[in-house]
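This is what each chain is made of:
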Amino acid sequence: DTAVSQTPKYLVTQMGNDKSIKCEQNLGHDTMYWYKQDSKKFLKIMFSYNNKELIINETVPNRFSPKSPDKAHLNLHINSLELGDSAVYFCASSQAGTGSGYTFGSGTRLTVV
Amino acid sequence: SQQGEEDPQALSIQEGENATMNCSYKTSINNLQWYRQNSGRGLVHLILIRSNEREKHSGRLRVTLDTSKKSSSLLITASRAADTASYFCATEESNYQLIWGAGTKLIIKP
């Protein structure tokens with residue numbers, strides 16, 4: 001199946017821990033993204049990355065860092081997790097100029113306790 | 001990145017009725033996109049309308065775009081229970097960034 005897949009689907013962890021969420025797309029898209037969706041369903045762009053440029057939303061704490069080993073993967077590392085980091089995190093990808101919009105992963109529900 | 005506005009915030013209709021959701025935005029755009037999100041799932045791209053288009057259809061979906069009013073509407077005809085979801089509009093700006101609306105929660109009553 002062609003898709004954006006992210007793991008894990010659920011992540012429960014204690015404050016202060018460091019965790020990673022993995023994302024892979026097999027669509028051949030040139031740009032990948034990480035979004036945070038809070039309890040009110042607001043979508044907030046965290047990062048966008050293609051093979052040329054990483055664009056960081058300046059409101060994202062530097063505890064969050066994207067890592068891209070290749071153009072099909074964009075992982076999200078989070079250091080020193082805080083209670084306020086609890087949310088659903090979505091990975092997405094797109095190909096500029098195709099008019100086909102973004103393809104989203106199914107989300108990772110992160111709960112910090 | 002949260003500049004689009006959608007109304008209504010929530011909409012509850014009977015199955016078979018039509019549902020209309022609106023989206024307004026603030027800047028000039030390359031295109032406007034509509035997405036659906038079922039509870040607990042990721043967003044699914046429904047339709048994209050370019051800034052030089054005024055109307056677009058896809059199955060039971062009809063999207064209109066009025067760039068002079070900076071607004072768009074999504075019409076779902078003959079609604080079904082499976083259409084129950086949150087619907088988001090997103091505008092692509094000239095720098096290719098997507099600006100998202102806050103979403104409309106649609107409930108289709110059987």
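Residues numbered from 1 in each chain as written. Chains lettered and ligands numbered in written order. Predicted model: local features only at pLDDT ≥ 70, side-chain atom pairs only at ≥ 80, totals over all residues. Heavy atoms only, no water.

## A word on the interface of chain A and chain B
For clarity, the threshold we go by: Contacts were defined at the residue level, with two residues in contact if any of their heavy atoms lie within 4.5 Å. Simply put, the buried area is the total loss of 1.4 Å probe accessible area from both parts when two parts are fitted together. Whenever a carboxyl oxygen of Asp or Glu lies within 4 Å of a side-chain nitrogen of Lys or Arg, that contact is scored as a salt bridge. N or O atoms within 3.5 Å of each other form a polar contact, as long as, within protein, one can give a hydrogen and the other can take it, and as long as residues adjacent in sequence are counted only when both atoms are side-chain atoms. Put simply, DSSP H or I for four residues or longer makes a helix, DSSP E for two residues or longer makes a strand, and each gets a number counted from the N terminus.
Facing 17 residues of chain A, the contacting portion of chain B comprises 17 residues. Both faces combined, the contact of chain A with chain B buries some 1,400 Å², and carbon together with sulfur accounts for 55% of it. Of all residues in chain A, A:Leu43, A:Tyr102 and A:Phe104 give up the largest surface area on contact with chain B, accounting jointly for 36% of the area buried on that side. Applying the counting rule to chain A against chain B returns zero salt bridges. Run the count over chain A and chain B and you get four residue pairs in polar contact (both at pLDDT 80 or more). Going through the elements one at a time, β4 (31-37) and β5 (43-50) of chain A are the ones with two or more residues in the side of chain A that touches chain B. At three residues, β5(A) tops the list of elements feeding residues into the side of chain A that touches chain B.

## Some points on the nonpolar core
How we decide: Remark: nonpolar core denotes a set of buried residues (Ala, Val, Leu, Ile, Met, Phe, Trp, Tyr, Cys) joined through side-chain atoms within 4.5 Å. Exposed residues in this analysis have more than 50% of their type's maximum accessible area, buried residues have under 20%, and partly exposed residues fall in between, with area computed by a 1.4 Å probe over protein chains only.
With 21 residues, the main nonpolar core has B:Leu32, B:Trp34, B:Leu74, B:Ile76, B:Tyr87 and B:Leu106 as its most contacted residues. Taken together, the elements giving at least two residues each to this core come down to β3 (19-24), β4 (29-37), β5 (43-50), β7 (61-66), β8 (71-76), β9 (85-93) and β11 (104-109) of chain B. Counting residues in hydrophobic clusters, the runner-up holds 19 residues, among them A:Leu11, A:Ile78, A:Ala87 and A:Leu110.

## Observations regarding the packing of aromatic side chains
Any aromatic ring pair is given by two values, namely how distant the centres are and how the planes are angled relative to each other. Rules: Two rings from Phe, Tyr or Trp (for Trp, the six-membered ring) form a pair when their centres are within 6.5 Å of each other. A pair whose planes differ by under 30 degrees is stacked, one over 60 is edge-to-face, and the rest are tilted.
For the coordinates displayed, the defined rule picks out 10 aromatic pairs over all chains. Through successive ring pairs, a cluster of aromatic residues spans A:Tyr33, A:Tyr35, A:Phe90, A:Tyr102, A:Phe104, B:Tyr35 and B:Trp100.

## Details of the sheet that holds β7(B)
Residues and elements named next belong to chain B. This is how the line gets drawn: Being paired, for any two strands, means DSSP has found at least two bridges between them. The axes used here are C-alpha line fits, helices contributing only the stretch in contact, and every angle between their N-to-C directions lies in the interval 0 to 180 degrees.
Reading across the sheet, the five strands line up as β1-β3-β8-β7-β6 and stay open at both edges, with antiparallel pairing between neighbours. In this open sheet, the two edge strands, each paired with only one partner strand, are β1 (5-7) and β6 (55-58). Adjacent strand axes in the sheet meet at a mean angle of 15° when their direction is disregarded. For β7 and β8, the ladder comprises six bridges, and the chain directions are antiparallel. In the sheet register, Val63 faces β8, and the bridge partner there is Leu74.

## Here we look at the pairing of β11(B)
Put simply, side chains in a regular strand alternate between the two faces of the sheet. All names here are of chain B. Only one face of β11 is covered, namely the face carrying Thr104, Leu106 and Ile108; the face carrying Lys105, Ile107 and Lys109 is uncovered. One ladder, built from five bridges, connects strand β2 (residues 10-14) with β11; its direction is parallel. Residue pairing across strands places Leu11 opposite Leu106, the latter belonging to β11. Bridge analysis of β9 against β11 gives three bridges, and the strand direction is antiparallel.

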